[in-house]
There are 2 protein chains.
Amino acid sequence: MKDAAFCTSSCPMTRTMSVLGGKWKLILIDHLGERRVRFGQLAQRVSLISRKVLTEQLKELEDDGIVRREAFAELPPRVEYSLTAHGLALLPILAQLRSWHCSAATAEVAAA
Amino acid sequence: MKDAAFCTSSCPMTRTMSVLGGKWKLILIDHLGERRVRFGQLAQRVSLISRKVLTEQLKELEDDGIVRREAFAELPPRVEYSLTAHGLALLPILAQLRSWHCSAATAEVAAA
DNA sequence: TAAACTAGTTACCTTCGCGTAACCATTGCC
DNA sequence: GGCAATGGTTACGCGAAGGTAACTAGTTTA
């Protein structure tokens, strides 16, 4: 989200969403995890995303200091993505979000 | 997000985003907090959102069991929104997200 | 000679999110 | 009679998000 009104909002949660908002951001961070992943691997894992959007989102995450990009001068070319310290700090929070959602799903099943 | 491919994805984080994804969801949950808030109050607090979208997002959150809506048969009409137990469980996680983003902002200032 | 592999980029087009503005019902107040 | 207040709903339209397909480079493989 490059929405200027969001980035400069006085609401802290709104500013947070200007970085993490968007359909794919949290999903990509989650799939990166603690590993170094190549572009093609990421595209396979998150199969619903198109390569174009994947490139864009990774670039935004890199600009925000969440993802690190390392390109190797090889042939065929190799590019590896990994989380920075800042990005790694998000992982435990994402784990809580996931379990929050899972607990809701099991509660629904129990109620039915 | 009513995207069917998201809701039925095998990836837990993707399914989580089908509920919490979207520009406004987390911001609205954050502004509701532990209080009961009237529709008009919410529209004032989150001034960037239009009333139309506010109605839509609240309805989706209600369908997902995160928000409770109580309408009173008065004149002029009064409608109060509050978080369900499920929604309340998100608040500590949102607090972590906020402080994660704040710590990043102060680190940038320190680096500059 | 042609194809395949990687990590993109680009042009093009469609879809959807979102904003704006007008409108509704009901009652009390002036 | 007309306006205000509340909590919406509706029609309309723009702009951005996102998908598809084609194209790039250099080397290996068939």
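Being a predicted model, the structure only gives us computed values, none of them experimental.

Visitor: I'm lost on the protein's contact with DNA strand C in this one. Help?
Guide: Arg69, Pro77 and Tyr81 of chain A together with Lys52 and Leu75 of chain B are the nearest of the 21 residues found near DNA strand C. When atoms of DNA strand C within 4 Å of the protein are split into backbone and base, the sugar-phosphate part holds 67%. Within the side chain of arginine 69 of chain A, an N or O atom sits 2.4 Å from a phosphate oxygen of DNA strand C. One nitrogen or oxygen atom from the side chain of tyrosine 81 of chain A is found 2.9 Å from a phosphate oxygen belonging to DNA strand C. Those elements that provide at least two residues to the surface near DNA strand C are helix 4 (39–45), helix 5 (51–63) and strand 3 (78–83) of chain A together with helix 5 (51–63) of chain B.

Visitor: Would you mind showing me how to read the interface of chain B and chain A here?
Guide: In this assembly, 33 residues from chain B lie in contact with 33 residues from chain A. Carbon and sulfur atoms supply 80% of the area that chain B and chain A bury against each other, a total of about 3200 Å² over both sides. Connecting chain B to chain A are three residue pairs in polar contact (both at pLDDT 80 or more). At the level of secondary structure, the elements contributing two or more residues to the side of chain B that touches chain A comprise helix 1 (4–7), helix 2 (12–20), helix 3 (25–32) and helix 7 (91–111) of chain B. Split into classes, the residues belonging to the side of chain B that touches chain A amount to 21 nonpolar, seven polar and five charged.

Visitor: Can you walk me through empty space enclosed by the protein in this structure?
Guide: Over the atoms, a rolling probe the size of a water molecule traces out where space has been left empty. Taken as a whole, this structure holds one cavity of 30 Å³ or more when the rule is applied. In this structure, the largest cavity encloses a volume near 80 Å³. Along its surface, the largest cavity is lined by Met17, Leu20, Gly21, Gly22, Leu26 and Leu97 of chain A together with Met17, Leu20, Gly21, Gly22, Leu26 and Leu97 of chain B. Among the secondary structure elements, those contributing two or more residues to the lining of the largest cavity are helix 2 (12–20) of chain A together with helix 2 of chain B. A class-by-class count of the residues in the lining of the largest cavity yields eight nonpolar, four polar and no charged.

Thresholds, definitions, all that
Per chain, residues are indexed from 1 in the order of the written sequence. Each chain takes a letter, starting from A, and each ligand takes a number, starting from 1, following the order in which they are written. Totals for whole chains, interfaces and linings use all residues, but because this is a predicted model, local features are given only for residues with pLDDT of at least 70 and pairs of side-chain atoms are given and counted only at 80 or more. Remark: hydrogens and water are excluded; side-chain values derive from all non-hydrogen atoms of the structure. Proximity is defined per residue: if any heavy atom of the residue lies within 4 Å of a molecule or strand, that residue is considered near it. Contacts described as polar in this section are N or O atom pairs within 3.5 Å, which, within protein, must combine one atom able to donate a hydrogen with one able to accept it, while residues neighboring in sequence count only if both atoms come from side chains. Strands here mean DSSP runs of E at least two residues long; helices mean DSSP runs of H or I at least four residues long; both are numbered from the N terminus. What makes two residues a contact is simply this: any of their non-hydrogen atoms within 4.5 Å. Two parts placed together each lose some accessible area under a 1.4 Å probe, and the buried area is that loss summed for both. Think of it as three bins: nonpolar holds Ala, Val, Leu, Ile, Met, Phe, Trp, Tyr, Cys and Pro, charged holds Asp, Glu, Lys and Arg, and polar takes everything else, Gly as well. A pocket here means an open set of points on a 1 Å grid, computed over the protein atoms alone, that has protein on both sides within 12 Å along at least five of seven lines. A cavity is instead a set of points where a 1.4 Å probe fits but cannot get out; residues with an atom within 4 Å of a point line either one. Grid points are joined across faces, edges and corners, and a volume is the space filled by probe spheres set on the points.

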